[in-house]
Amino acid sequence: MYNRFFLSLAGSAAGIVNGLFGAGGGMVLVPMLGEKSGISEQERFPASIAIITPICVISLLFSANWNLSFWQVLPYLLGSTAGGIAAGLWGKRIPTVWLHRILGLLILWGGIRYLC
């Protein structure tokens, strides 16, 4: 049985990060869904997406800058939809160790980018 307190803590941490920065909750959530959660490595990334999606919607509703038009965000919506479909189809074929490495590199890249 999953440790409900730990899972609630992981979800809260992801929500706080996502709310403060507008994204990044998944980068907190995937590592926290480790051994203590009882979720297998193959299930962590899909579980993270399932958890982050409503968090993103809530963050959007509370912190959105509604000055953008639909046409300004359309390219991002199309690209992220295509990327999500591709990741869903191909993600199962990528070994978990490589998913961890890719996520680690993205976290480093994002951190360096924000510092500079």
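Calculation notes
- Residues numbered from 1 in each chain as written.
- Predicted model: local features only at pLDDT ≥ 70, side-chain atom pairs only at ≥ 80, totals over all residues.
- Heavy atoms only, no water.
- Helix = DSSP H or I, 4+ residues; strand = E, 2+ residues; numbered from the N terminus.
- Patch = residues over 30% accessible without salt bridge, like charges linked within 9 Å, V, L, I, M, F, W, Y side chains within 5 Å.
- Areas by Shrake-Rupley, 256 points an atom, 1.4 Å probe, with all protein chains shown as cover.
- Salt bridge = Lys/Arg side-chain N within 4 Å of Asp/Glu carboxyl O.
- Buried < 20%, exposed > 50% of the residue type's maximum accessible area, 1.4 Å probe, protein only.
- Arc of directions from axis to C-beta.
- Core = buried A, V, L, I, M, F, W, Y, C linked by side-chain atoms within 4.5 Å.
- Contact = heavy atoms within 4.5 Å.

A. Examining the environment of I16 more closely. Relative to the assigned elements, I16 resides in helix 1 (residues 4-21). Once the C-alpha coordinates of I16 and G110 are considered, the two residues, 94 residues apart in sequence, prove to be 18 Å apart.

B. Spotlight on a nonpolar patch on the surface. A grouping of V57, I58, L60, L61, F62 and W66 is seen on the molecular surface, where their side chains present a nonpolar patch of about 720 Å² in accessible area. Looking at the secondary structure, you find W66 in the loop between helix 3 (41-63) and helix 4 (70-90). Accessibility expressed as a relative area gives 61% for W66, which makes it exposed.

C. The arrangement of helix 2 (residues 25-32) in detail. Taken together, the buried positions of helix 2 are occupied by G25, G26, L29 and V30. Along the long axis of helix 2, the arc covered by the buried residues comes to 120°, so they all point the same way.

D. Here's a closer look at the nonpolar core. Counting residues in each nonpolar core, the largest one holds eight residues, listed as A10, A14, L29, L33, I39, A47, I52 and I55. Listing elements by their share of this core, those giving two or more residues are helix 1 and helix 3. By residue number, the principal contributor to this core is helix 3, which donates three residues. Residues contacting I52, with those up to four places away along its chain left out, are A14, G25, G26 and L29.

E. Structural context of the environment of N18. For N18, the location among the structural elements is in helix 1. The buried category is assigned to N18, whose relative accessible area is 1%. Placed 34 residues apart in sequence, N18 and I52 show a C-alpha to C-alpha distance of 8.4 Å. When neighbours within four sequence positions are excluded, N18 is seen to be in contact with A23, G24, G25, I55, C56 and S59.

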